[in-house]
Amino acid sequence: AWFPAMEENSPILVFIKYFNPNFKYFNPDTQSLEGVCYLYVRKFDKIGDIIPILCEKKNFPSHTHLRIYEEIKPGMIENMKPEFTFQQSEIENGDIICFQKALTNQEVQVYTTAGHICDIPTFYKLLAMRIVVQFKPKYKYRKQEPEFELILNEKYTYEEIEIHRNVILTLIHVAIFLNMDPLKLRFTTAHPTSGAYKATIKSTTTQTLLEMLQATNLSSSKNFLYYETLDISIIELETEVYFKVHWLGTTIKEKTVTINELLKVIVQKLAIPKPTHRIRLYDVLHCKIQNEYNFNDPVDKIQENLTLYAEEIPQDEIELRANDKIIQAFHFTKEPLRTHGIPFKFVLKACELFSTTKLRLRLRLGMSEIEFSKVKFAIIPAVPYAKPQYIEDNNVILSDYGLTDELLGLDHHMAIYIRR
């Protein structure tokens, strides 16, 4: 015969994995499935015959009650009966056997109530639903807040994300970065192409994490959400009703609060030392400046649902010369309609080469040379669907263009999202 006859009870090579259901520091991510060893077993041996060997491998008492499973494939895990033989269980060379300590009903209840995994089939099921999510600070310029990544379950609801993040960040030292009450955090989705803020996610949403991300990352391999830190609980923020109260004093005469008084409150609130220059207030819609307010304007002039920005007016704008011009600058990506970031006013100085203008722009934006080198510049007419006129020559003088109401566009064509 070409091949020798096989023994009727020939050995079979199987690989062994162990699932540790215990978790440290209340962190479910410390639950693990690890490779332990490989064994040669015989077809007519019983599954229960290897239990003492498995216990020895993990230093368990030999009488420890184990649960044993066959890993057919990640989505198909079958329980194995100790009284069955390996042949009856259809075990063949190269098959994978997983085992864990059997949990009592009380232990199972504790694990389940805490939202942790108590058996191998559930572990594999949840493993298939894990995704890496990047969290970016929504208002990075307000204070130094980090970007970070977490491995989460795509089926998490908003509340479960908060609970999981509280566990991960507080108890596994990532809390060094945020160190916050999870109820004082709020998520915002992003525009799938520009990366601009899209919609704030309410804590009462029934969406799963995957559903939250689907509207954000249609064209990106990265899953990400913006986060912001709140001064009050998100529940309180979403349930409070805001009222406008007019102070009448001792006479029935309404007092009009001016923009100047509002700016004084801002300076006091932010503990800003006495400003060197005058402060201005302007509102923004779709990442473009709509209105700049005068000191004596009443606050009633400010429309609701607009984003407000306050800044010290730059020195070159205060000392504007006769032929200098103030122009609005805004950020976009590839197309002027895909706006993002914070628009601002900028002085085009008379007879200044564009190479010098770009240097002042970079200093105003606080960008590194490498970041700034990725930005293209264009003059854009203030009409819908206007085609940008890109500035390719560093020796041109923008003050010679005879600009009237045009805007200066900063095209971040190589970036997802860049802010001023």
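- Looking at an unreviewed UniProt entry, one finds the chain named 19034_t:CDS:1 and attributed to Racocetra persica.

**Examining the overall build of the chain**
Line of reasoning, step 1. Summing up its helical and strand segments, the chain has 10 helices and 18 strands in all.
Line of reasoning, step 2. For the chain, the residues scored as buried account for 39% of the 420 residues in total.
Line of reasoning, step 3. Counting contacts in the chain only where the partners sit at least 6 residues apart, residues at least 24 apart contribute 64% of the total.
Line of reasoning, step 4. In the structure as shown, the chain presents an accessible area of about 25,400 Å², 53% of it carried by carbon and sulfur atoms.

**Overview of the nonpolar core**
Line of reasoning, step 1. Of all hydrophobic cores here, the largest spans 20 residues; its most connected members are Val14, Ile16, Leu54, Leu66, Ile68 and Phe99.
Line of reasoning, step 2. For this core, the secondary structure elements donating two or more residues are strand 1 (11-20), strand 2 (32-42), helix 1 (51-57), strand 3 (66-73) and strand 5 (95-101).
Line of reasoning, step 3. Looking at this core element by element, the count peaks at four residues for strand 1.
Line of reasoning, step 4. Not counting residues up to four positions away in its chain, the partners in contact with Ile16 are Glu34, Gly35, Val36, Cys37, Leu39, Leu54, Ile97 and Phe99.

**Examining the environment of Glu107**
Line of reasoning, step 1. Its location among the elements puts Glu107 in helix 2 (residues 105-113).
Line of reasoning, step 2. Accessibility expressed as a relative area gives 35% for Glu107, which makes it partly exposed.
Line of reasoning, step 3. Residues Glu107 and Cys118, spaced 11 residues apart in sequence, show a C-alpha to C-alpha distance of 8.4 Å.
Line of reasoning, step 4. At 2.8 Å, the side chain of Glu107 and the backbone nitrogen of Thr104 are in polar contact.

**Observations regarding the sheet that holds strand 18 (residues 407-411)**
Line of reasoning, step 1. Judged by pairing direction, the sheet is mixed, and its five strands sit side by side in the order 15-14-18-16-17 without closing on themselves. Whereas interior strands pair on both sides, the edge strands pair on one side only; in this sheet they are strand 15 (335-348) and strand 17 (389-390).
Line of reasoning, step 2. With four bridges connecting them, strand 14 (residues 325-333) and strand 18 associate as parallel partners. Each residue of the ladder has a partner; that of Phe332, found in strand 18, is Asp411.
Line of reasoning, step 3. Here helix 9 (residues 354-365) sits on the sheet and contacts strand 14, strand 15, strand 16 (376-380) and strand 18; the angle it forms with strand 15, its principal contact strand, is near 105°.

**Focus on the side chain of Glu71**
Line of reasoning, step 1. Structurally, Glu71 can be placed in strand 3.
Line of reasoning, step 2. A relative accessible area of 12% means that Glu71 is categorised as buried.
Line of reasoning, step 3. Of the polar contacts made by the side chain of Glu71, one reaches the side chain of Lys17; its length is 3.0 Å.
Line of reasoning, step 4. Among the polar contacts listed, one links the side chain of Glu71 to the side chain of Tyr124, at a separation of 2.2 Å.
Line of reasoning, step 5. Dropping the residues within four chain positions of it, Glu71 is found in contact with Lys17, Met76, Ile77, Ile96, Cys98 and Tyr124.

**Digging into the packing of aromatic side chains**
Line of reasoning, step 1. Here the structure, examined in full by the defined rule, presents 10 aromatic pairs.
Line of reasoning, step 2. Following the ring pairs from residue to residue traces out a cluster consisting of Tyr18, Phe60 and Phe99.
Line of reasoning, step 3. The ring centre of Phe295 lies 5.7 Å from the NZ or CZ of Arg278, which sits over that ring.

**Examining unusual backbone geometry**
Line of reasoning, step 1. Unusually for a residue other than glycine, Lys334 sits at a positive phi of about 70°.
Line of reasoning, step 2. Take Lys334: it is sitting in the loop between strand 14 and strand 15.

**A look at the sheet that holds strand 12 (residues 288-293)**
Line of reasoning, step 1. Across the sheet, three strands lie side by side as 12-11-13; this open sheet has antiparallel pairing. One side of each edge strand has no neighbouring strand; the edge strands of this open sheet are strand 12 and strand 13 (307-312). Across the sheet, the mean angle separating the axes of adjacent strands is 35° when strand polarity is ignored.
Line of reasoning, step 2. Looking at chain direction, strand 11 (residues 279-285) and strand 12 are connected through five bridges and run antiparallel. Within strand 12, the position partnered with Leu285 by the bridge is Lys288.

**Some details on helix 9**
Line of reasoning, step 1. Counted at 1.5 Å a residue, the expected span for helix 9 with its 12 residues is 16 Å, and the 16 Å between its end C-alpha atoms agrees.
Line of reasoning, step 2. Regarding helix 9, the residues found buried are Phe354, Thr357, Arg360, Leu361, Arg362 and Leu365.
Line of reasoning, step 3. Buried residues along helix 9 sit in contact with helix 8 (315-318), strand 14, strand 15, helix 10 (369-373), strand 16 and strand 18.
Line of reasoning, step 4. Following helix 9 by one or two positions, Gly366 adopts a phi angle in the positive range, close to 70°.

**Some remarks on the side chain of Arg280**
Line of reasoning, step 1. Structurally, Arg280 is set in strand 11.
Line of reasoning, step 2. Of note is the side chain of Arg280, whose polar atom sits 2.5 Å from the side chain of Glu317.
Line of reasoning, step 3. Those residues in contact with Arg280 that sit more than four places away from it in its chain are Glu292, Tyr309, Ala310, Glu311, Ile313, Pro314, Glu317, Lys345 and Arg364.

**Some thoughts on the pairing of strand 3**
Line of reasoning, step 1. The pairing of strand 3 with strand 5 spans six bridges and is classified as antiparallel. For Arg67, the partnering residue across the bridge sits in strand 5 and is Gln100.
Line of reasoning, step 2. As paired strands, strand 3 and strand 4 (residues 76-79) are joined by four bridges and run antiparallel to one another. Across the sheet, the residue bridging to Glu70 is Glu78, located in strand 4.
Line of reasoning, step 3. Linkage of strand 3 to strand 4, two consecutive antiparallel strands, is achieved through a turn of two residues.

**Focus: the pattern of salt bridges**
Line of reasoning, step 1. Within this structure, the stated rule accounts for 14 salt bridges.
Line of reasoning, step 2. Of the charged contacts in the structure, one is a salt bridge between Lys301 and Asp297, with a shortest N-O distance of 3.4 Å.
Line of reasoning, step 3. A salt bridge links Asp316 to Arg360; the shortest N-O distance between them is 3.1 Å. Here Arg360 lies in helix 9 and Asp316 lies in helix 8, a separation of 44 residues in the sequence.
Line of reasoning, step 4. Judged by relative accessible area, Asp316 falls into the partly exposed class, the value being 23%.
Line of reasoning, step 5. Of the residues examined, Arg360 reaches a relative accessible area of 16% and is grouped as buried.
Line of reasoning, step 6. A single network of salt bridges, built from pairs that share partners, joins Arg280, Glu292, Glu311, Glu317, Lys345 and Arg364.

Definitions and cut-offs
- Residues numbered from 1 in each chain as written.
- Predicted model: local features only at pLDDT ≥ 70, side-chain atom pairs only at ≥ 80, totals over all residues.
- Heavy atoms only, no water.
- Helix = DSSP H or I, 4+ residues; strand = E, 2+ residues; numbered from the N terminus.
- Buried < 20%, exposed > 50% of the residue type's maximum accessible area, 1.4 Å probe, protein only.
- Contact = heavy atoms within 4.5 Å.
- Areas by Shrake-Rupley, 256 points an atom, 1.4 Å probe, with all protein chains shown as cover.
- Core = buried A, V, L, I, M, F, W, Y, C linked by side-chain atoms within 4.5 Å.
- Polar contact = N/O pair within 3.5 Å; in protein donor to acceptor, adjacent residues only side chain to side chain.
- Pairing = 2+ DSSP bridges.
- Axes fitted to C-alpha atoms, helices over the stretch in contact; angles between N-to-C directions.
- Phe/Tyr/Trp six-rings, centres within 6.5 Å; stacked < 30°, edge-to-face > 60°.
- Lys NZ or Arg CZ within 6 Å of the ring centre and 35° of its normal.
- Expected span 1.5 Å × (residues − 1).
- Salt bridge = Lys/Arg side-chain N within 4 Å of Asp/Glu carboxyl O.

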